[in-house]
Amino acid sequence: MQIYFCGSIRGGREDRARYQRIIQLLRRYGTVLTEHVGAEHISDQGGDAFIGGDKFIHDRDLKWLNQADVVVAEVTQPSLGVGYELGHAVAMKKMVLCLFCSTSGRVLSAMVRGAENGEHFFVRDYQEEEEIEKVLQEYFTSRFPSLLHYPQVSASV
Ligand SMILES: O=c1[nH]c(=O)n([C@H]2C[C@H](O)[C@@H](COP(=O)(O)O)O2)cc1CO
């Protein structure tokens, strides 16, 4: 399973360590194509691929998005790039899971929360970071039951 993880970079890096922990949890279910989103050395200046610049980043990420089986986005910290990726993911009819911290004091955009359709696009609120593991487990095992054949997934249920 190929997983595209979205999280804020130039929108602000306040939740970077949380992204890294989510990426770690996602590795149980497949390959995370965008591991750099959690990387400590990437600041809010972004630019994880200096040689090719922004055009390279954009085109590479859209290629990965197209390749992905599922998109998981941490949407608490607002980010234009994440919103753009989500719009493309919907247009590509990808399975999408958005995670939002309801105790953050923020209110999620209606264009994300309102995209929930019970089929392809889901938004899950969590209060404490510790809940994310269970949210991911419920999502992946209910939407992709064949993953239960993998020992690292069945062992966690
Ligand atoms: O350097 C980058 N590398 C990169 O992969 N992205 C992608 C992945 C993230 O999910 C998303 C973050 O967008 P933004 O930088 O607008 O917050 O865009 C964004 C940047 C910087 O905009």
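Since this is a predicted model, take the numbers as computed values, not measurements. (Residues numbered from 1 in each chain as written. Predicted model: local features only at pLDDT ≥ 70, side-chain atom pairs only at ≥ 80, totals over all residues. Heavy atoms only, no water.)

Caption draft 1: Region of interest: the nonpolar core. Residues F5, L26, V72, L99, L136 and F140 are the most contacted members of the largest nonpolar core, which totals 28 residues. Contributions of two or more residues to this core are made by β1 (2-6), α1 (16-26), β3 (70-74), β4 (95-101), β5 (121-126) and α5 (132-143). It is α5 that contributes the most residues to this core, five residues altogether. Excluding residues that lie within four positions of it along the chain, V72 makes contacts with I3, Y4, F5, C6, L26, L97, L99, L136 and F140. If you look at the next biggest cluster of nonpolar residues, it comprises 18 residues, including V75, V82, A89 and V96. (Core = buried A, V, L, I, M, F, W, Y, C linked by side-chain atoms within 4.5 Å. Buried < 20%, exposed > 50% of the residue type's maximum accessible area, 1.4 Å probe, protein only. Helix = DSSP H or I, 4+ residues; strand = E, 2+ residues; numbered from the N terminus. Contact = heavy atoms within 4.5 Å.)

Caption draft 2: Layout of the UniProt feature "binding site: substrate" (unreviewed entry) in the chain. Summarizing the sequence annotation, UniProt attributes the feature "binding site: substrate" (unreviewed entry) to Y4, F5, C6, G7, S8, I9, R10, Y19, E85, S109, A110 and M111 in the numbering used throughout. Among the secondary structure elements, R10 is positioned in the loop between β1 and α1. In this structure, A110 sits in helix α4 (residues 110-113). Judged by relative accessible area, which is 59%, A110 ranks as exposed. (UniProt positions renumbered as here; feature names shortened; annotations may be inferred.)

Caption draft 3: A look at the environment of V135. Inspection of the secondary structure puts V135 in helix α5. For the pair V135 and E119, spaced 16 residues apart in the sequence, the C-alpha separation amounts to 16 Å. Those residues in contact with V135 that sit more than four places away from it in its chain are L99 and R124.

Caption draft 4: The arrangement of the packing of aromatic side chains in detail. Throughout the structure, instances matching the rule amount to six aromatic pairs. Considering the side-chain rings of F122 and Y139, the 5.9 Å spacing of their centres and the 70° angle between planes classify their relative orientation as edge-to-face. Linking F122 in strand β5 with Y139 in helix α5, this pair joins segments that are 17 residues apart in sequence. Assessed through its relative accessible area of 6%, Y139 is described here as buried. Here the aromatic residues Y29, F122, Y139, F140 and F144 are joined through ring pairs into a cluster of three or more. (Phe/Tyr/Trp six-rings, centres within 6.5 Å; stacked < 30°, edge-to-face > 60°.)

Caption draft 5: Molecular detail of the site of the ligand. Around the ligand, the surrounding shell holds 18 residues, and the nearest of these are R10, D48, D61, S79 and E85. Taking G7, its main chain carries an N or O atom lying 3.2 Å from an oxygen atom of the ligand. Within the backbone of R10, a nitrogen or oxygen atom sits 2.7 Å from an oxygen atom of the ligand. Sorting the residues of the shell around the ligand by element identifies α2 (53-67) and α3 (80-91) as the ones contributing at least two each. Class assignment of the residues belonging to the shell around the ligand gives a composition of five nonpolar, eight polar and five charged. (Near = heavy atom within 4 Å. Polar contact = N/O pair within 3.5 Å; in protein donor to acceptor, adjacent residues only side chain to side chain. Nonpolar A, V, L, I, M, F, W, Y, C, P; charged D, E, K, R; others polar.)

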